[in-house]
Amino acid sequence: MFFCLCIDAQTELQNNSSGTTLVNVGVVLDLDSLVGRIGMTSLSLALSDYYSIDRNFSAKIVLHVRDSNGQIIDAAASALSLLKDVQVDAIIGPQKSAQSTFVIGLGNRTNVPIISFSATSPSIYPQTPYFVQSTITDDAQVGPIAAIVKYFRWTQVILIHEESDYGDDIYPYLMNALQDVNARVSYRSIIPVAATDDFMLEELYKMKTMQISVFVVHISSSLASKLFLKVKEAGMMREGYAWIVTSGVMDLLFSLDSHVIEAMKGVLGVKPMIPNSRKLSSTAKRWKKKFIHENHGFPQAEFGLYGIWAYDAMWALAMAAERVQFKEQISSLQNTSTNLFDVEISKTGPSLRQALSEVTFQGLGGEFHLVNGKLESSYFQILNVIGKGESEVGIWTPDDGILSERDVNVTSSSSKMLKNIVFPGDSIVVPKGWEVPVSVKKLRVGVPLAAGFIEFVKVGKDPQTNASKVSGFYIDMFDAVMAALPYVVPYEYVLFETFNGSSRSYDEMLSQVYLQEYDAAVGDFTVTTKRLNYVDFTLPFAPGGITMIVKIEDKNIWFFLDPFQKSLWLTTMALFIFTGVVVWILEHRLNNAYRGPTAQHVGLIFYFPFMSVVYAQREIIVSNLARLVVVVWMFVVLILNSTYTANLSARLTSESLQPGMPQHDYVGCRKGSFIVNFLQEQGFDKSKIMTYDSVLDVDEDLSKGSKKGGISSFYSVKPNANLFLSKFPNKYRTIGKTISTEGFGFAFEKGSPLVADVSRAVIKLTENHKLSEIEERWMNNKLNNGPDSFKKATLTNFAALFGITGGITTICLLVFMAAFLYKNRDFVQRIISNSSETSWSKARAICKHFDQRDPDSFRSSKYQEEDGSPNKTGNPRSSTVVPVSTMDSNDENGDISPKSEHALVPNHQIRSTDHLDIITNV
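All residue numbers refer to position in the chain's written sequence, counted from 1. Where local features are concerned, this predicted model is filtered to residues with pLDDT of at least 70; where side-chain atom pairs are given and counted, the filter is 80 or more; whole-chain, interface and lining totals use all residues. Neither water nor hydrogens contribute to the side-chain values; these are computed over all heavy atoms in the structure.

Asks: Looking at this structure, I do not really get the overall build of the protein. What am I missing?
Replies: Labels follow the DSSP assignment, with helices taken as runs of H or I lasting at least four residues and strands as runs of E lasting at least two, numbered in each case from the N terminus. A count of helices and strands for the protein gives 28 helices and 31 strands. Using a 1.4 Å probe on the protein chains alone, a residue whose accessible area is under 20% of its type maximum counts as buried, one over 50% counts as exposed, and one in between counts as partly exposed. In the protein, which comprises 922 residues, the proportion classed as buried is 46%.

Asks: What should I look at first to understand the nonpolar core in this one?
Replies: Within soluble globular proteins, side chains that are nonpolar generally end up buried alongside one another. Buried Ala, Val, Leu, Ile, Met, Phe, Trp, Tyr and Cys residues form a nonpolar core when they are joined through side-chain atoms within 4.5 Å. In terms of nonpolar packing, the biggest core is built from 90 residues, with Leu43, Ile61, Trp154 and Leu178 touching the most fellow members. Sorting elements by how many residues they give to this core places helix α13 (residues 305-324) first, with 16 residues. Core analysis: the next-biggest nonpolar cluster, separate from the first, contains 49 residues, Ala520, Phe541, Ile689 and Phe748 among them.

Asks: Is there a simple way to explain the sheet that holds strand β6 (residues 156-162) in this structure?
Replies: Hydrogen bonds between backbone groups are what pair the strands of a sheet, and the pairing can be parallel or antiparallel. When DSSP locates at least two bridges between a pair of strands, those strands are taken to pair. Read from one edge of the open sheet, eight strands run β7-β6-β8-β9-β10-β14-β15-β16, paired in mixed fashion. Lying at the two open borders of the sheet, with one neighbouring strand each, are β7 (184-191) and β16 (401-403). Taking each pair of neighbouring strands and ignoring which way they run, the sheet shows an average axis angle of 30°. Summarising the sheet, β6 and strand β8 (residues 214-218) pair through four bridges and their orientation is parallel. Of the residues in β8, the one forming a bridge with Leu159 is Val216. Sitting on the sheet, helix α7 (residues 171-180) touches β6, β7 and β8, and the angle it makes with β7 is about 160°. Working convention: axes come from line fits to C-alpha atoms, limited for helices to the stretch in contact. Angles between N-to-C directions cover 0 to 180 degrees. Two residues form a contact once any of their heavy atoms are found within 4.5 Å.

Asks: Looking at this structure, how should I read the packing of aromatic side chains?
Replies: Any pair of Phe, Tyr and Trp rings, taking the six-membered ring for Trp, is counted once the centres come within 6.5 Å. Such a pair is stacked with planes under 30 degrees apart, edge-to-face with planes over 60 apart, and tilted for the rest. Enumeration over the complete set of coordinates arrives at 31 aromatic pairs. A ring pair is formed by Phe361 and Phe368, whose centres lie 5.1 Å apart and whose planes are at 20°; its orientation type is stacked. In this pair, the class of Phe361 matches that of Phe368, namely buried. Three or more aromatic residues joined by ring pairs make a cluster, and in this case those are Phe473, Tyr474, Phe478, Tyr491, Tyr493, Phe541, Phe744, Phe746 and Phe748. Sitting over the ring of Trp315, Lys279 keeps its end group 4.8 Å from the ring centre. It is Arg353 that lies over the ring of Tyr130; its NZ or CZ is 5.2 Å from the centre. Over a ring means this: the NZ of a Lys or the CZ of an Arg is within 6 Å of the ring centre and within 35 degrees of the ring normal.

Asks: I tried to follow the environment of Gly545 on my own but got confused; where do I start?
Replies: As for its placement among the helices and strands, Gly545 is situated in the loop between β22 (535-537) and β23 (546-551). On the basis of relative accessible area, Gly545 is assigned to the buried category, the value being 1%. C-alpha of Gly545 to C-alpha of Ile739: the two residues are 194 residues apart in sequence and 5.3 Å apart in space. If we ignore the near neighbours within four places in the chain, the residues touching Gly545 are Ser716, Val717, Lys718, Thr738, Ile739, Thr741 and Glu742.

Asks: Where do I start with the pattern of salt bridges in this structure?
Replies: When the charged atoms of two side chains with opposite charge come close together, those side chains can pair. Salt bridge, as used here, is a side-chain nitrogen of Lys or Arg placed within 4 Å of a carboxyl oxygen of Asp or Glu. Per the stated rule, a full pass over the model turns up 14 salt bridges. Here Asp507 and Lys530 are joined by a salt bridge, their closest N and O atoms 3.9 Å apart. Of the two residues, Asp507 is situated in helix α16 (residues 506-514) and Lys530 in the loop between β21 (520-521) and β22; the sequence distance between them amounts to 23 residues. Exposure remark for Lys530: the relative accessible area of 47% places this residue in the partly exposed category. Asp524 serves as the salt-bridge partner of Arg670, at 3.8 Å between the closest nitrogen and oxygen. Here Asp524 lies in the loop between β21 and β22 and Arg670 lies in strand β24 (residues 667-670), a separation of 146 residues in the sequence. With relative accessibility at 6%, the residue Asp524 sits in the buried group. Here the salt bridges share partners, and the residues they tie into one network are Asp197, Lys230 and Glu233.

Asks: How should I be thinking about the UniProt feature "transmembrane region" (unreviewed entry) in the protein in this particular structure?
Replies: UniProt positions are given in the numbering used here, feature names are shortened, and annotations may be inferred rather than shown by experiment. Under the local residue numbering, the UniProt record ascribes the feature "transmembrane region" (unreviewed entry) to residues 568-586, 598-616, 628-646 and 798-822. This span, residues 568-586, is 100% helix and 0% strand, and a straight line between its end C-alpha atoms measures 27 Å.

Asks: Would you explain a nonpolar patch on the surface in this entry?
Replies: A surface patch of nonpolar side chains, amounting to about 560 Å² of accessible area, comprises Met573, Ile577, Val581, Ile585, Val602, Phe606 and Phe610. In terms of residue count, helix α17 (residues 566-588) provides more of the nonpolar patch than any other element does, four residues in total. The patch calculation keeps residues exceeding 30% relative accessible area without a salt bridge and links them within 9 Å when they carry like charges or within 5 Å when they are nonpolar (Val, Leu, Ile, Met, Phe, Trp, Tyr). We get accessible surface area from the Shrake-Rupley algorithm with a probe of 1.4 Å; when it comes to residues, only the shown protein chains can shield them.

Asks: Got a minute to help me understand the environment of Ser121 in this structure?
Replies: Considering the arrangement of structural elements, one finds Ser121 in the loop between β4 (114-116) and β5 (131-133). Relative accessible area serves as the criterion here: at 0%, Ser121 is assigned to the buried category. Once the C-alpha coordinates of Ser121 and Asp138 are considered, the two residues, 17 residues apart in sequence, prove to be 5.8 Å apart. Sequence-distant contacts of Ser121, defined by excluding residues within four places in its chain, comprise Ser97, Gln133, Asp138, Asp165 and Asp169. At 3.0 Å, the side chain of Ser121 forms a polar contact with the side chain of Ser123. Pairs of N or O atoms within 3.5 Å make up the polar contacts considered here, provided that, within protein, one atom can donate a hydrogen while the other can accept it, and that residues adjacent in sequence are counted only when both atoms are side-chain atoms.

Asks: Can you walk me through the packing of helix α2 (residues 34-53) against α13 in this structure?
Replies: In a packed pair of helices, the relevant descriptors are the angle between the two axes and the axis-to-axis distance. In contact at an axis separation of 8 Å, α2 and α13 are set at 40° when each is read in the N-to-C sense. Looking at the two axes, α2 sits oblique to α13. The element α2 and its partner α13 pack so that their crossing is right-handed. Where α2 approaches α13, its residues Val35, Ile38, Gly39, Ser42, Leu43, Leu45, Ala46, Leu47, Asp49, Tyr50, Tyr51 and Ile53 are matched on the opposing element by Tyr306, Gly307, Ala310, Tyr311, Met314, Trp315, Ala318, Met319 and Glu322. Charged residues are taken to be Asp, Glu, Lys and Arg, nonpolar residues to be Ala, Val, Leu, Ile, Met, Phe, Trp, Tyr, Cys and Pro, and polar residues to be all remaining types, Gly included. Split by residue class, the contact of α2 with α13 holds 16 nonpolar, three polar and two charged. For classification purposes, an angle smaller than 35 degrees is called roughly parallel, one larger than 145 roughly antiparallel, one from 65 to 115 roughly perpendicular, and anything else oblique. Handedness of a crossing is defined here by the sense of rotation of the near helix relative to the far one, left-handed for an anticlockwise turn of less than a right angle and right-handed for a clockwise turn.

Asks: Is there a simple way to explain unusual backbone geometry in this structure?
Replies: Excluding glycine, most residues fall at negative phi; most peptide bonds, likewise, are trans. Residue Pro94 is reached from Gly93 by a cis peptide bond, and omega for that bond is -5°. Examined against the element boundaries, Pro94 turns out to sit in the loop between β3 (90-92) and α4 (97-110). For Asp426, which is not glycine, the phi dihedral falls at a positive 55°. Here Asp426 lies in the loop between β16 and β17 (443-448). Phi at Gln516 is positive, roughly 65°, even though this residue is not glycine. Along the chain, Gln516 turns up in the loop between α16 and β21.

Asks: Help me understand the sheet that holds β17 in this model?
Replies: Ordered by their spatial adjacency, five strands build an open sheet running β20-β17-β21-β28-β22, and the pairing between neighbours is mixed. On the outer flanks of this sheet lie β20 (491-496) and β22, each paired with one strand and no other. Contacting β17, β20, β21, β22 and β28 (747-749), α16 runs over the sheet at an angle of about 105° to β22.

Asks: Just checking my understanding: could you explain the packing of helix α8 (residues 197-208) against helix α9 (residues 221-233) for this structure?
Replies: Contact geometry of α8 with α9 gives a least axis separation of 10 Å together with a crossing angle of 50°. Relative to α9, the element α8 lies oblique. As for how α8 packs across α9, the hand of that crossing is right-handed. Two secondary-structure elements touch here, α8 through Asp197, Met200, Leu201, Leu204 and Tyr205 and α9 through Leu223, Lys226, Leu227, Lys230, Val231 and Glu233. Among the residues making up the contact of α8 with α9, the classes are represented as seven nonpolar, no polar and four charged.

Asks: Mind showing me how you'd approach helix α14 (residues 349-358) here?
Replies: Along an α-helix, residues three or four apart share an orientation, since each turn contains 3.6 residues. Those residues of α14 lying buried are Gly349, Leu352, Ala355 and Leu356. Looking straight down α14, one finds that the buried residues subtend no more than 130° of arc, so they occupy a single side. At its buried positions, α14 is contacted by β3, β4, β5, α13 and β12 (366-371). Regarding the arc, it is the one traced by the directions from the helix axis to the C-beta atoms.

Asks: Please explain the confidence of the model for the protein as it appears in this structure.
Replies: A low pLDDT means the predicted coordinates there should not be read in detail. Values of pLDDT, ranging from 0 to 100, describe the predictor's confidence in every residue of the model. For the protein, the average pLDDT comes to 77, and 77% of its residues sit at 70 or higher. In the model of the protein, strand β31 (residues 919-921) stands out as the element of lowest mean pLDDT, 33, in contrast to strand β9 (residues 242-245), which has the highest, 95. This stretch, residues 785-795, has a pLDDT under 50; its non-local contacts, to residues over four places away or in other chains, come to 15 contacts. In the predicted structure, residues 857-922 sits below a pLDDT of 50 and forms 96 contacts with residues beyond four places in sequence or in another chain.

Asks: Please clarify how the side chain of Asp536 should be interpreted in this entry.
Replies: For Asp536, the location among the structural elements is in strand β22. Relative accessible area serves as the criterion here: at 18%, Asp536 is assigned to the buried category. For Asp536, the side chain forms a polar contact with the side chain of Lys750, separated by 3.3 Å. Residues in contact with Asp536, not counting those within four places in the same chain, are Arg184, Phe746, Ala747, Phe748, Glu749, Lys750, Gly751, Ser752 and Val755.

Asks: When you look at the side chain of Asp169 in this model, what are you seeing that I'm missing?
Replies: Its place among the elements puts Asp169 in the loop between α6 (165-168) and α7. Charge counting follows a simple rule: Lys and Arg are positive, Asp and Glu are negative, and His as well as the terminal groups are ignored. Here Asp169 is buried and forms no salt bridge, its nearest opposite-charge partner Arg188 lying at an N-O distance of 7.6 Å. Within the local environment of Asp169, its side chain forms a polar contact with the side chain of Ser123, the two groups lying 2.3 Å apart.

Asks: Can you walk me through the environment of Ser716 in this structure?
Replies: Along the chain, Ser716 turns up in strand β26 (residues 713-717). Taking the C-alpha atoms as reference points, Ser716 and Ile546, 170 residues apart in sequence, are found 5.6 Å from one another. Beyond its immediate stretch of four places on either side in the chain, Ser716 contacts Gly545, Ile546, Thr547, Ile675 and Ala721.

Following this line, the structure appears as structure tokens:
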């Protein structure tokens with residue numbers, strides 16, 4: 001430092017004699033640190049190169065160097081001394097972000113630009129327009145880090161950073177960047193700058209039990225040299241782990257001991273990319289010679305990011321000073337104040353700051369251009385620590401993301417992949433993002449002691465070991481899902497139960513997962529917003545929905561009479577008879593259809609009105625009065641028929657559309673279910689809600705009903721309801737609309753890395769129908785094929801009606817047949833007693849005789865015979881009585897006719913025959 005000051009003093013005297021304006025620039029660095037020495041070499045080399053190229057300069061920078069000794073107070077004192085004693089026009093430094101706050105405040109108060117090439121913390125920007133960060137800040141690194149996490153499909157990381165402004169400030173930026181790629185910081189480990197080895201080991205062992213195997217490290221290189229040795233000692237640099245470090249370590253990797261680099265083998269890192277150029281190569285060679293010359297006995301260094309940023313910052317400041325055109329030397333002003341903080345306001349500071357913000361040139365680090373006082377972000381390298389150094393495996397750009405080559409114009413699918421990477425443990429297998437520690441016990445998976453149905457969860461005892469043994473639909477599904485994971489996860493089932501052996505509520509079960517008593521829970525756990533506050537659920541493996549189950553009411557066999565009241569039925573029957581009598585009276589004198597024997601009159605009176613119900617009557621009405629009566633009666637029949645049909649249809653279907661049960665009735669649900677809270681939100685009194693553990697208890701109380709000490713309805717989630725109905729198919733049914741809810745999911749500890757992978761496995765097994773096979777094995781389609789909500793009409797419902805109809809029809813048939821046989825008993829006896837005929841011939845003879853008309857009921861008029869009304873002439877058409885011989889063997893059809901009986905036929909139907917004695921009646 002003394003040598004540099006001497007050079008500056010000699011240069012100042014020479015330029016004063018030539019009339020060149022001197023620009024005093026202070027430098028505040030930790031001169032004993034590697035970054036401080038690299039920075040000083042770069043600053044002095046940049047000044048030398050700049051003024052050797054442009055010899056027609058009108059202003060020349062003179063450096064005044066102060067050592068901050070790595071302390072915040074020393075950095076502040078050095079800056080204050082430069083402002084008061086030297087009255088500098090600008091200050092380069094300080095070196096660390098923690099030292100910048102006070103120095104920035106001084107610069108803002110005195111209008112003196114403060115330029116830092118190594119303070120990368122984003123929190124110190126923008127505090128004042130007089131602070132310039134000629135460096136890439138740390139918040140720019142979270143983009144490539146998040147891209148790496150997304151590229152390898154990691155979902156959770158652990159952030160390790162040092163306890164300082166430099167370490168703390170990256171956390172919010174990294175958290176937001178990971179959230180954009182559906183990942184998150186699950187744990188944040190803060191390492192003190194002066195942390196002991198024991199502290200580091202204790203923290204590492206703690207993180208080792210967290211199962212997450214992806215770590216992002218943001219610490220200084222000096223702290224990294226201690227940390228990674230302990231990481232290897234803790235056994236966390238083996239296969240399955242992934243480590244990502246920021247540019248603070250990667251840029252100074254060359255400075256670490258060889259055994260530290262060996263311990264870091266397989267680590268990934270990011271740092272801003274410096275474009276290759278001839279100027280950079282030649283400058284790096286000269287810089288290295290100068291560094292060795294100025295730092296005798298100090299380990300060799302490389303011209304890295306901090307050196308390049310310092311070089312470009314000095315070059316930019318020299319260009320800005322040349323544009324300002326200083327007319328007087330600020331250092332000539334005298335400050336006689338005794339106040340420590342009474343500092344002169346710089347007259348050239350605003351102009352110098354403005355000129356610096358407008359400087360643009362192609363520097364060693366790429367294009368130098370300040371945006372709002374900060375160096376514009378550039379591309380990043382993605383590096384892999386291999387052997388004794390690092391290897392570039394890709395780059396990251398804000399627009400294209402990850403690329404394998406530096407040529408950003410090549411954007412094919414193959415170029416968007418990283419090159420071959422060696423992970424810790426000399427492994428080329430990509431870590432899955434989490435590890436089940438060997439030293440950690442198996443995952444404790446809780447299952448409910450009673451899940452309602454043994455088909456879902458069945459708890460038993462192993463006869464050999466007497467240990468609890470669980471099986472069932474949910475258990476097999478969970479086993480299948482865990483087996484489908486791309487890695488092995490050891491786990492064991494643990495029963496949820498209290499000290500007296502009873503089951504707990506589901507919310508209490510899940511709260512135990514939140515308290516880390518259990519790692520997961522398997523059962524019919526419906527995903528709810530409340531439960532998501534303390535556990536993470538996988539994607540649902542079964543559908544949800546709340547349904548209401550009620551008892552099927554038994555139907556009376558006379559239920560078809562229910563649509564009308566008794567008084568209405570009696571009145572209707574009276575109207576039927578009265579209408580028939582009135583029509584008969586009105587038509588009796590005018591219509592031959594209503595004349596005849598007394599029995600026929602009575603039958604017609606009942607027949608006509610009843611047939612009008614189905615509009616099947618065919619008798620001709622002659623009287624206008626009768627027609628009026630019939631029209632009115634038909635209208636009444638239409639109303640009665642429509643009313644009866646609508647009422648009966650509504651009674652058969654309305655039960656399926658009934659709303660919820662009255663809130664004053666007792667209702668039931670599963671014990672510990674979220675449905676208890678749901679019913680209370682719907683207005684049910686808590687005292688009216690009964691909870692059950694046993695299906696048999698539900699059956700017993702639901703059969704009784706609310707009025708007999710039971711319940712009127714039972715509310716259940718849809719899969720459980722379907723299984724319940726399948727056990728009692730003709731006893732209960734669902735009514736009303738199914739209330740939508742989320743389905744059933746497996747519950748895991750909040751933040752568990754298993755959730756995403758288990759959800760993917762659920763989707764995979766659903767698509768290849770494995771879950772359907774498990775369901776079929778346990779349920780036989782009982783979950784999907786519950787009983788219909790609509791009650792179908794059965795034969796039992798119409799037994800009485802069909803019985804009456806069938807009985808009357810049968811009786812009428814038997815009476816008519818008996819009367820026919822009795823009236824024609826002589827003919828039937830002759831046919832049966834004729835032994836010369838076959839049985840078939842005898843049956844045909846009887847049927848032929850039955851087909852003839854009854855002479856006692858025959859009408860003399862053909863018109864009346866056909867229509868029930870007289871013909872136009874009023875004269876009856878003549879008919880012929882034909883005596884038939886005992887047997888007409890010459891009939892072409894082989895018919896057998898009785899000998900002593902007569903058939904009444906029209907004249908035009910009589911055929912001439914040798915065997916018939918025709919008698920014609922006129």
